[in-house]
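Here is what each chain is made of, one letter per residue.
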Amino acid sequence: KASGFEARTTNGEGQAAMTLTDEELEQIREAFNLDAVVAAADAMWVLFCGVLVFMMQAGFAMLCAGSVRAKNVRNIMLKNLLDACVGALSFWALGYGVAYGKYHDGNEIIGSSFFFLSGQFERRDTFHSFFFQFAFAATAATIVSGAVAERCGMFAYAGYAFVLTAFVYPVVAHWVWSDKGFLSAFKSEPYLNVGTVDFAGCGVVHMTGGIAAGIGAYVLGPRIGRFDPNTDQSEFQGHSTPLTVLGTFILWVGWYGFNPGSTLAIVGYQEVAAKVAATTTLAAAAGGLTNLIFHFQLSKRSSPDHHGIYDVAEVCNGILAGLVSITAACSVVEPWAAVVIGFIGALVYSAFSELLVKLEIDDAVNASPVHFAAGAWGLIAPGLFARGENMRAAYGNHRTGLFYGGGGTMLAVQLLAFVTITIWVSVTMFPLFTFMKVMGIFRVAEKDELAGLDDSKHGGAAYASTNLPDSSGSGKGDSGGYVATHNPKADESASKEENV
């Protein structure tokens, strides 16, 4: 590319062209150490995006806290902190080596070095790579926290987080993202000459976390009274819409590190990263609007007076479903396809959420529908919508999806990845959760659950006021919703239970 490079300058009389030879360009490169500049720019890009991904932990914490009853806020916040702490140590000790450890035998199943970032790690790998990949591993672990909220034991939670980030998730990451994994698109001879197209982790991150979340919620069982016809189900609503919305926005911002950052470099990949940011935005917007309209119509039909409700929580989940859905295909699809993917992702989420309710599986924050169901759809999407030009820019091959005349090859590989990941996570996490249940450590005592985990486990409520209405606004205070109440001094005739 250096040959024939032209530098143009403009003077008062016109434009003169100067051609630099390869030798002169090499001299310039040596003088300015351009390779070092490129390496530094790429490292800073990965570090910056890694920080955005790690900030998603704050988004998950706020979203989960807003989606549970106020009597369990401290508990869910602590579990989100544990995800980061346990995830960092376990991924350092074992996870990174399992996922990306270098080896000489071409192992397609599991990595075998770089444990504790030792050996030849500093010579053959980078610390910014470790940091970025740790942020992804912690995200996979955090997904489960909301599904088992309000009744999961703390020790069991820390144990599951260790297993997931040290072994279960890294194995999937090795299969799909290492240069030797049997499903990887980056190996020298990928499966069916294409490998799995999962740019930022629909399958690797979201399906892995979502499957674990669903299994955990199933084995743990529903919260006391959750599906009891004699219990007012509005008592289980989240206590803080502001926290839920703020958490959603923070997660949305974090996705701009999650998806564009998965280029793992910026010099030469700036156009790919920019397009990824655009497709990510469009899918999120489509998912949010789809859920707004869809759930308004559902509420209108189910209401006796045909009065529809604009459900804020469902808009948040629609946005997240759209973000999850585009994560695999974000670099290989066109903007119009991103809108379609986000639209379908929201509907898939809604259908799976309703299925869990019918099966009486209590996923407190709909983690499994958002991450597993929408993630599964997103993993399949590249097999349909991948465009050849985008594939060349992001993966260096010419394969295309079914709708661009590529046949079923890519779709077959995507389906194989879906089946493989589902089986792997199921056969590892189901026995673990079952063992914890048999040992009596998976679920808290009934009296602690009824009292609220903040009072029974953490020394008191998360909020200063102890006379707060519940999530349904009834003023009973049992679920402790953080809602502003009317000041009786301003109007002595006002009811003490009146909400502002």
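Owing to the predicted nature of the structure, the values given are computational and were not obtained by experimental measurement.

Peer 1: Please set out the overall build of the protein chain residue by residue, giving values where relevant.
Peer 2: Looking only at helices and strands, one finds 17 helices and 2 strands in the protein chain. Counting over 500 residues, the protein chain shows a buried share of 53%. The long-range share in the protein chain, meaning contacts at least 24 apart out of those at least 6 apart in sequence, stands at 72%. For the protein chain, the accessible surface area stands at approximately 22,200 Å², while carbon and sulfur atoms represent 62% of it.

Peer 1: How would you explain the pattern of salt bridges if you had to name every residue and give the values?
Peer 2: Counted according to the given criterion, the structure contains 12 salt bridges. Among the salt bridges present, the one from Arg-223 reaches Glu-150, with a minimum N-O distance of 2.5 Å. Taken together, the residues Arg-223 in the loop between α7 (202-220) and α8 (241-258) and Glu-150 in the loop between α5 (127-147) and α6 (154-177) connect sequence positions 73 residues apart. Classification of Arg-223 by relative accessible area gives buried; the value is 4%. By relative accessible area, which is 1% here, Glu-150 ends up buried. Of the charged contacts, one joins Arg-443 and Glu-449 as a salt bridge, the two residues approaching to 3.0 Å between their closest N and O atoms.

Peer 1: Got a sec to walk through the nonpolar core? Specific residues and values, please.
Peer 2: Ranked by size, the top nonpolar core spans 126 residues in total, and within it Tyr-160, Tyr-169, Trp-177, Val-332 and Met-429 carry the most contacts. With sequence-adjacent residues up to four places away left out, Met-429 is seen in contact with Tyr-160, Leu-164, Val-168, Ala-212 and Ile-215.

Peer 1: With reference to specific residues and values, describe helix α14 (residues 388-395).
Peer 2: Those residues of α14 lying buried are Gly-388, Asn-390, Met-391, Ala-394 and Tyr-395. Down the axis of α14, the buried set is contained in an arc of 155°. They therefore lie on one face. Contacts made by the buried residues of α14 are with α9 (270-302) and α15 (409-438). At the C-terminal side of α14, Gly-396 shows a positive phi close to 75°.

Peer 1: Which residues make up the layout of surface pockets, and what values go with them?
Peer 2: Reported here for the largest pocket is a volume of approximately 1,400 Å³. Counting residues per element, the ones that place at least two in the lining of the largest pocket are α2 (34-67), α8, α9, α10 (312-326) and α11 (335-358). Ranked by residue count, the leading element in the lining of the largest pocket is α11, at 7 residues. Its residues assigned to classes, the lining of the largest pocket shows 18 nonpolar, 18 polar and 7 charged. If you trace the second largest pocket, you find 34 residues lining it, with Gln-133, Trp-177, Ser-262, Thr-263 and Leu-264 closest to the centre. Looking at the lining of the second largest pocket, the elements with two or more residues in it are α2, α3 (73-100), α5 and α14. Considering every element that reaches the lining of the second largest pocket, the biggest residue donor is α5, with 5 residues. Class assignment of the residues belonging to the lining of the second largest pocket gives a composition of 18 nonpolar, 9 polar and 7 charged.

Peer 1: Before we move on, can you summarise the confidence of the model for the protein chain with the specific residues and values?
Peer 2: The predicted model of the protein chain has a mean per-residue pLDDT of 89, with 88% of residues at 70 or higher. Segment residues 471-500 is flagged for pLDDT under 50; beyond a separation of four residues in sequence, or across chains, it makes 54 contacts in the model.

Peer 1: Tell me what's going on with empty space enclosed by the protein, and back it up with residues and numbers.
Peer 2: The method is simple in principle: a probe with the dimensions of a water molecule rolls over the atoms, and the space it marks as empty is what remains. In this structure the tally under the stated criterion is 1 cavity of 30 Å³ or more. Considering only enclosed or pocket space, the largest cavity measures out at about 90 Å³ in volume. Forming the walls of the largest cavity are 15 residues, and the residues nearest its centre are Phe-60, Leu-63, Val-365, Ala-367 and His-371. When residues in the lining of the largest cavity are grouped by element, the largest group, 4 residues, is from α5. Along the lines of polarity and charge, the residues of the lining of the largest cavity split into 9 nonpolar, 6 polar and no charged.

Peer 1: For a nonpolar patch on the surface, give the residues involved together with the corresponding values.
Peer 2: Taken together, the side chains of Ile-28, Phe-32, Leu-34 and Val-37 present a nonpolar region at the surface, about 360 Å² in accessible area. Tracing the chain through its elements places Leu-34 in helix α2.

Peer 1: Break down the packing of aromatic side chains for me, citing the residues and quoting the values.
Peer 2: If you walk through the whole model with that rule in mind, you get 29 aromatic pairs. Centre to centre, the rings of Phe-249 and Trp-252 are 6.3 Å apart; their planes meet at 5°, and the pair counts as stacked. Of this pair, Phe-249 and Trp-252 both sit in helix α8, 3 residues apart, which is roughly one turn of the helix. For Trp-252, a relative accessible area of 16% gives the class buried. Ring centres 5.7 Å apart and planes at 65° place the aromatic pair Phe-352 and Phe-372 in the edge-to-face group. Residue Phe-352 is located in helix α11, and its partner Phe-372 is located in helix α12 (residues 367-380); the two are separated by 20 residues in the primary sequence. Neither residue differs from the other here; Phe-352 and Phe-372 are each classed as buried. Through successive ring pairs, a cluster of aromatic residues spans Phe-91, Tyr-96, Tyr-100, Phe-114, Phe-121, Phe-127 and Phe-130.

The rules behind the values
Residues numbered from 1 in each chain as written. Predicted model: local features only at pLDDT ≥ 70, side-chain atom pairs only at ≥ 80, totals over all residues. Heavy atoms only, no water. Helix = DSSP H or I, 4+ residues; strand = E, 2+ residues; numbered from the N terminus. Buried < 20%, exposed > 50% of the residue type's maximum accessible area, 1.4 Å probe, protein only. Contact = heavy atoms within 4.5 Å. Areas by Shrake-Rupley, 256 points an atom, 1.4 Å probe, with all protein chains shown as cover. Salt bridge = Lys/Arg side-chain N within 4 Å of Asp/Glu carboxyl O. Core = buried A, V, L, I, M, F, W, Y, C linked by side-chain atoms within 4.5 Å. Arc of directions from axis to C-beta. 1 Å grid on protein atoms, 1.4 Å probe; cavity = no way out; pocket = protein on both sides within 12 Å on 5 of 7 lines; lining within 4 Å. Points joined across faces, edges and corners; volume = space filled by probe spheres on them. Nonpolar A, V, L, I, M, F, W, Y, C, P; charged D, E, K, R; others polar. pLDDT = per-residue confidence, 0-100. Patch = residues over 30% accessible without salt bridge, like charges linked within 9 Å, V, L, I, M, F, W, Y side chains within 5 Å. Phe/Tyr/Trp six-rings, centres within 6.5 Å; stacked < 30°, edge-to-face > 60°.

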